[in-house]
Amino acid sequence: MGFLGLVCMLASLRAQVTWSTVGTPTTETLWGVTYGSGQFVAVGEKGVILTSPDARVWTKRASGTDAWLLHVAYGDGCYAAVGEAGTILVSVDAIHWQRSEPIAGLMGTARERLNVVAFRRVGFFAFGENGERASAERPFGPWSRDLWKTEEGSWWRGYALGFEKVALAGSRGIYVDGTDRTPGGLRNLEGVAFGNLRFVAVGAGGATAMSMDGESWAAGDAGTSQTLRAVTYFNGLFVAVGDGGAVRTSPDGRSWVARNSSTLRGLRGLSTSDDTVVAVGEAGALISSPWIGLAPAVVRPMENVREEEGGTTYLRVEATGSEPLSYRWSFQGSQIAVTKHPLLDLSNLTPSHAGLYTVTVSNAYGSATSAPASVTVLPVAGPSVVDANFNASA
């Protein structure tokens, strides 16, 4: 393990160490969980729906269906749960639920299993088996249905929004805004999340993938042979869960640390409130881990840059710690900017920009300063001069 890997590991060791098993009112497998309007909502097999305001005491709610429910999301004041045979349930209070069928269109009503639902500014979107897709401006409908990126036996199970882009994870790998971005033929990805200005996906055999822009992805692994079923970003860390009670955390999506989850049951879904992360799974498994305040740690320092005069470049630092983080940038020992993001843009470069830069990352719990990085401003290359009379063979 290199120095940066060691720094990442040490930073990751500081949080989400403690996981507690929570009493559950069901023995059915729970597949999905969300948080919204002060309530956790978990869904699962045989139409099971559980709610909790604090992730400690859970109450079973009547769903009106025996269909398996695979995922649930909150947005625009409403909850939407999706599952087998195109089932869509909706609620405004997480207590009273009603069925909302997709409207019949050119493709007919949804019949394939819907695996994931998410809210975006323009409404709800659900994706599932064999290219099944449903959407609605409001969860009560009307819902429209079509087939997207269809392929026999294909499925989609993960959804994340970042950089104004939508990333989907599934049997075909990673698609971002409809374009295949899968690294190295990676397949069977179960979940994807966005946080700390990056996407992170997880899947079969502990495989991972990470992207800083949604376009270029790097494959990796979480140090486990267990399939990881879900991932989220919480308290400065990516948290992934999966088969056999596997829990892994990472500050950057590259270096991962194993956690003791307190269960051997397979874990299927994840969600977070401001102060708790909750995982759900087999036989009604419910586990949670509390938020704790973490001082910042620099996990990847700035790199030296070289750019021509008049050009544009940037400096970037990667840090973890409890949010919000602030970034105080200095040039030759004098403060020049304070930002809420880890980038310092340098445009219209002149020789006066050349020198050493540092950045101090701060939050309510402390601060950390990155090693200096140099900016070199190169003279503009002049036009090439060719001697028309020159003869190399002469």
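Just above, that's the structure.
All of these numbers come straight from a predicted model, not from anything done at the bench.

1. Structural notes on the overall build of the protein
- Within the protein one finds one helix and 38 strands.
- For the protein, the residues scored as buried account for 53% of the 394 residues in total.
- In the protein, the proportion of contacts linking residues at least 24 apart, taken out of those at least 6 apart, comes to 52%.
- Looking at the protein as shown, the accessible area adds up to about 17200 Å², and 50% of this sits on carbon and sulfur atoms.

2. Comments concerning the pattern of salt bridges
- Enumeration over the complete set of coordinates arrives at 17 salt bridges.
- As a salt-bridge pair, lysine 46 and glutamate 28 come within 3.7 Å of each other at their nearest N and O atoms. Within this pair, whereas lysine 46 is found in the loop between β3 (39-44) and β4 (49-52), its partner glutamate 28 is found in the loop between β1 (20-21) and β2 (30-36), the two being separated by 18 residues in sequence.
- A salt bridge links arginine 157 to glutamate 190, with the shortest nitrogen-to-oxygen separation between them at 3.0 Å. On the criterion of sequence distance, the pair formed by arginine 157 in strand β14 (residues 156-162) and glutamate 190 in strand β18 (residues 189-195) is long-range, its members being 33 residues apart.
- Within the structure, one salt-bridge network assembled from shared partners comprises Arg157, Glu190, Arg229, Asp243, Arg268 and Glu282.

3. Things to note about the sheet that holds β2
- Here we have four strands laid out as an open sheet, ordered β2-β3-β4-β5, and antiparallel in their pairing. With one partner strand each, in any of the chains shown, β2 and β5 (59-61) form the two edges of the open sheet. Looking at each pair of strands side by side, their axes are set apart by 25 degrees on average, direction ignored.
- Where β2 and β3 come together, six bridges link them in antiparallel fashion. Directly across from tyrosine 35, in β3, lies its bridge partner phenylalanine 40.

4. Overview of the layout of surface pockets
- Here the largest pocket is characterised by a volume of approximately 1100 Å³.
- Lining the largest pocket are 36 residues, with His71, Tyr159, Val192, Val231 and Leu270 positioned closest to its centre.
- Looking at the lining of the largest pocket, the elements with two or more residues in it are β2, β6 (69-75), β10 (114-120), β14, β18, β22 (228-234) and β26 (267-272).
- When the residues that make up the lining of the largest pocket are grouped by side-chain class, the tally is 21 nonpolar, 10 polar and five charged.

5. Comments concerning the side chain of threonine 249
- Take threonine 249: it is sitting in strand β24 (residues 247-250).
- For threonine 249, a relative accessible area of 0% corresponds to the buried category.
- Engagement of the side chain of threonine 249 in a polar contact is seen with the side chain of arginine 259, the distance being 3.2 Å.

6. Examining the sheet that holds β14
- Pairing is antiparallel across the open sheet formed by four strands, whose spatial order is β14-β15-β16-β17. If you trace the sheet from one side to the other, it starts and ends with β14 and β17 (179-180), each paired once.
- Relative to strand β15 (residues 165-170), β14 runs antiparallel, the two sharing six bridges. The residue bridging tyrosine 159 from the neighbouring strand is leucine 168, located in β15.

7. Remarks on the pairing of strand β27 (residues 276-281)
- Counted residue by residue, β27 has six buried out of six residues, so it is predominantly covered.
- Where burial is concerned, the two faces of β27 agree: the one with Thr276, Val278 and Val280 and the one with Val277, Ala279 and Gly281 are both buried.
- Counted between consecutive antiparallel strands, the loop separating β26 from β27 contains three residues.
- Relative to strand β28 (residues 286-290), β27 is paired through five bridges, and the arrangement is antiparallel. Counterpart to valine 278 in the pairing with β28 is serine 288.

8. Digging into the environment of asparagine 188
- Within the element layout of this structure, asparagine 188 appears in the loop between β17 and β18.
- Measuring from C-alpha to C-alpha, the distance between asparagine 188 and arginine 157 comes to 9.4 Å, with 31 residues separating the pair along the chain.
- With near-sequence residues (within four places) excluded, asparagine 188 lies in contact with Trp155, Gly170, Ser171, Gly203 and Ala204.

9. So, unusual backbone geometry
- The peptide bond linking glycine 141 to proline 142 adopts the cis configuration, its omega dihedral lying at 0 degrees.
- Between glutamate 323 and the following residue, proline 324, the backbone shows a cis peptide bond with an omega angle of 5 degrees.
- Positionally, proline 324 belongs in the loop between β32 (318-320) and β33 (326-331).
- Positive phi, close to 55 degrees, is recorded for alanine 85, a residue that is not glycine.
- The class of alanine 85 is partly exposed, set by a relative accessible area of 47%.

10. Quick word on the nonpolar core
- Ranked by size, the top nonpolar core spans 20 residues in total, and within it Leu315 and Trp329 carry the most contacts.
- Elements that contribute at least two residues to this core include exactly β33, β35 (343-346), β36 (355-363) and β38 (373-378).
- Ignoring anything within four residues of it in the chain, the contact list for leucine 315 reads Met302, Glu303, Val305, Trp329, Pro342, Leu343, Leu344, Leu346, Tyr357, Ala373 and Val375.
- Of all hydrophobic cores here, the second largest spans 13 residues; its members include Val176, Leu186, Val192 and Phe199.

11. With respect to the packing of aromatic side chains
- According to the stated counting rule, one finds 15 aromatic pairs in the structure shown.
- When the ring of tyrosine 35 is compared with that of phenylalanine 40, the centres are 4.7 Å apart and the planes differ by 55 degrees; the resulting orientation is tilted.
- Here tyrosine 79 and tryptophan 97 contribute two aromatic rings whose centre-to-centre distance is 6.3 Å and whose plane-to-plane angle is 50 degrees, an arrangement assigned as tilted. Placement of tyrosine 79 in strand β7 (residues 78-83) and of tryptophan 97 in the loop between β8 (88-91) and β9 (98-99) is noted, with a sequence separation of 18 residues between them. Comparing tyrosine 79 with tryptophan 97, the two get one shared label, buried.
- Following the ring pairs from residue to residue traces out a cluster consisting of Phe163, Phe194, Phe199 and Trp217.
- Its end group placed over the ring of tryptophan 31, arginine 268 keeps NZ or CZ at 5.4 Å from the ring centre.

How each quantity is defined
Along each chain, residue indices are assigned from 1 in the same order as the chain's sequence is written. Where totals are concerned, whole chains, interfaces and linings use all residues; where local detail is concerned, this predicted model gives features only for residues with pLDDT of at least 70, and gives and counts side-chain atom pairs only at 80 or more. The side-chain values count all of the structure's non-hydrogen atoms but skip hydrogen atoms and water molecules. Think of it this way: any DSSP run of H or I at least four residues long counts as a helix, any run of E at least two long counts as a strand, and we number them from the N terminus. To sort residues, take the accessible area from a 1.4 Å probe on protein chains only and compare it with the maximum for the residue type: under 20% means buried, over 50% means exposed, and anything in between is partly exposed. The contact criterion used is simple: two residues touch if any of their non-hydrogen atoms lie within 4.5 Å. Exposure was quantified through the Shrake-Rupley algorithm and a 1.4 Å probe, taking into account, for residues, occlusion by the shown protein chains and nothing else. Throughout this description, the term salt bridge denotes a Lys or Arg side-chain nitrogen within 4 Å of a carboxyl oxygen of Asp or Glu. For two strands to count as paired, DSSP must find a minimum of two bridges between them. Simply put, an axis is a line fit to the C-alpha atoms, just over the touching stretch for a helix, and the angle between two N-to-C directions goes from 0 to 180 degrees. Using only the protein atoms, space was sampled on a 1 Å grid; points where a 1.4 Å probe fits but cannot get out form cavities, open sets with protein on both sides within 12 Å along at least five of seven lines form pockets, and lining residues are those with an atom within 4 Å of a point. Grid points are joined across faces, edges and corners, and a volume is the space filled by probe spheres set on the points. Three classes are used: nonpolar for Ala, Val, Leu, Ile, Met, Phe, Trp, Tyr, Cys and Pro, charged for Asp, Glu, Lys and Arg, and polar for all others, with Gly counted as polar. The term polar contact refers here to a pair of N or O atoms within 3.5 Å; inside protein, the definition further demands a hydrogen-donor-capable atom paired with an acceptor-capable atom, and it admits residues adjacent in sequence only when both atoms are side-chain atoms. Definition of nonpolar core: a set of buried residues of the types Ala, Val, Leu, Ile, Met, Phe, Trp, Tyr and Cys, connected through side-chain atoms within 4.5 Å. Two aromatic rings, drawn from Phe, Tyr or Trp (for Trp, its six-membered ring), form a pair once their centres lie within 6.5 Å of each other, and the interplanar angle then sorts them: stacked below 30 degrees, edge-to-face above 60, tilted otherwise. Definition used: whenever NZ (Lys) or CZ (Arg) falls within 6 Å of the ring centre and also within 35 degrees of the ring normal, the charge is taken to sit over that ring.

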